[in-house]
Amino acid sequence: MAKLILSLEGSVIREIPIDKERITIGRKPQNDIQIENLAVSSEHACIVTILNDSFLEDLGSTNGTLVNGNPIKKHILQNNDVVEIGKYKLKYITEAAGAGQTAADDFEKTMVMARPPKVTAAPKAFSDTQAMQAGAAPAAAPKPPPAAAPPAAVAPKAPPAAEAQLLGAVQILTGPSAGKELDLTKNLTTLGKPGVQVAVITRRPHGYFITHVEGASFPVVNGKVVDAQARQLNDHDVIELAGVKMEFFIKK
């Protein structure tokens with residue numbers, strides 16, 4: 001589990017586990033992390049966590065939010081990032097390691113991916129004649145087992161492999177990219193326009209979910225506005241995001 005280490009002028013004040021999907025930071029007591037300082041706005045910033053990845057967003061604060069000394073509006077937190085709010089610092093620590101990819105890989109700019117090529121069947125093994133023509137010695141014929149040998153025990157059949165998770169995709173319905181498809185192969189796929197409206201589609205073992213990340217207005221699915229919680233997507237759901245309509249579907 002990721003955590004934040006709150007400090008002031010080099011002295012650690014406390015550690016805060018990131019155990020909620022949304023954590024708010026500000027001067028008012030209703031915030032999850034309250035910092036009583038006039039340089040801190042009443043609702044200064046928030047951290048939205050999806051799976052093992054966390055977004056930091058400045059909520060229009062008066063004095064701004066810095067990460068590693070740079071002002072940000074929206075930032076994907078990396079291990080050891082230092083968030084500065086007023087004179088206070090929050091160090092982001094996570095021990096979660098991605099399976100073969102980093103958070104930066106997961107959140108790279110969304111693009112339409114080409115469909116993978118079809119997998120052809122593996123070629124059949126050479127016959128003895130073909131092997132001889134290729135210069136290879138034919139395989140020796142197997143020796144029959146001894147007559148007195150007891151029959152070998154039949155090994156139990158291996159259980160069938162679990163069915164692979166179905167692959168989801170979205171097809172753009174409106175705008176200059178209409179007709180294009182995006183396969184949702186990653187655990188996290190960002191969609192939308194930074195600074196306007198951004199959402200994330202997460203791939204989980206039991207399906208795909210859409211979550212609002214950035215922007216004053218929330219995504220719309222089948223004509224209904226999505227709230228702050230993740231919403232599961234069903235086959236042929238129509239998503240409206242940043243002025244673009246797209247259809248989610250399961251590839252057969």
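Further up the page is the structure itself.
Reference entry: report on the structure contained in this document. (Residues numbered from 1 in each chain as written. Predicted model: local features only at pLDDT ≥ 70, side-chain atom pairs only at ≥ 80, totals over all residues. Heavy atoms only, no water.)

**Side note on the sheet that holds strand 5 (residues 45–50)**
Part 1 of the argument: The strand order 4-3-5-6-9 describes an open sheet built from five strands, whose pairing is mixed. Every other strand in the sheet has two partners, leaving strand 4 (33–34) and strand 9 (74–76) as the edge strands with one partner each.
Part 2 of the argument: Inspection of the sheet shows strand 6 (residues 53–58) paired to strand 9 by three bridges, in the antiparallel sense. Its bridge partner being in strand 9, leucine 56 is matched across the sheet by histidine 75. (Pairing = 2+ DSSP bridges. Helix = DSSP H or I, 4+ residues; strand = E, 2+ residues; numbered from the N terminus.)

**Quick notes on the pairing of strand 3 (residues 22–26)**
Part 1 of the argument: The buried fraction of strand 3 is high, at four of five residues.
Part 2 of the argument: Of the pairings in the sheet, the one linking strand 3 to strand 5 comprises four bridges and is antiparallel in character. Note that in strand 5 the partner of isoleucine 23 across the bridge is isoleucine 47. (Buried < 20%, exposed > 50% of the residue type's maximum accessible area, 1.4 Å probe, protein only.)

**Here's the deal with the sheet that holds strand 20 (residues 238–241)**
Part 1 of the argument: In spatial order, the strands read 13-12-21-20-17-18; together these six strands make up an open sheet with antiparallel pairing. Since the sheet does not close on itself, it has two edges, and those belong to strand 13 (181–183) and strand 18 (224–225), each with one partner.
Part 2 of the argument: In this sheet, strand 21 (residues 244–250) lies alongside strand 20 in antiparallel orientation, the contact comprising four bridges. Bridged to valine 238 within strand 21 is glutamate 247.

**Describing the nonpolar core**
Part 1 of the argument: Among the nonpolar cores identified, the biggest contains 21 residues, and Leu4, Leu56 and Leu90 are the most heavily contacted of them.
Part 2 of the argument: The greatest single-element share of this core, amounting to three residues, is contributed by strand 11 (residues 88–93).
Part 3 of the argument: Those residues in contact with leucine 90 that sit more than four places away from it in its chain are Leu4, Ile5, Leu6, Ile16, Ile25, Asp81, Val82, Val83 and Ile85.
Part 4 of the argument: Formed by 17 residues, the second largest nonpolar core is a distinct cluster that contains Leu184, Tyr208, Val221 and Val226. (Core = buried A, V, L, I, M, F, W, Y, C linked by side-chain atoms within 4.5 Å. Contact = heavy atoms within 4.5 Å.)

**Notes on the pairing of strand 21**
Part 1 of the argument: Counting buried residues in strand 21 gives five out of seven residues, a clear majority hidden from the surface.
Part 2 of the argument: In this sheet, strand 21 lies alongside strand 12 (residues 168–172) in antiparallel orientation, the contact comprising five bridges. Residue pairing in the sheet places glutamine 171 in a bridge with glutamate 247 of strand 21.
Part 3 of the argument: The turn linking strand 20 back onto strand 21 is made up of two residues, and alanine 242 within it adopts a positive phi angle of 55°.

**Overview of the pattern of salt bridges**
Part 1 of the argument: As enumerated under the stated definition, the model contains five salt bridges in all.
Part 2 of the argument: Note that glutamate 15 is salt-bridged to lysine 3, the shortest N-O span being 3.3 Å. Note that glutamate 15 is positioned in strand 2 (residues 11–17) and lysine 3 in strand 1 (residues 3–8), a separation of twelve residues in sequence.
Part 3 of the argument: Residues lysine 251 and aspartate 183 are paired through a salt bridge, measuring 3.0 Å at the closest nitrogen-oxygen approach. Placement of lysine 251 in the segment after strand 21 and of aspartate 183 in strand 13 is noted, with a sequence separation of 68 residues between them.
Part 4 of the argument: Overall, lysine 251 belongs to the buried group, its relative accessible area being 19%. (Salt bridge = Lys/Arg side-chain N within 4 Å of Asp/Glu carboxyl O.)

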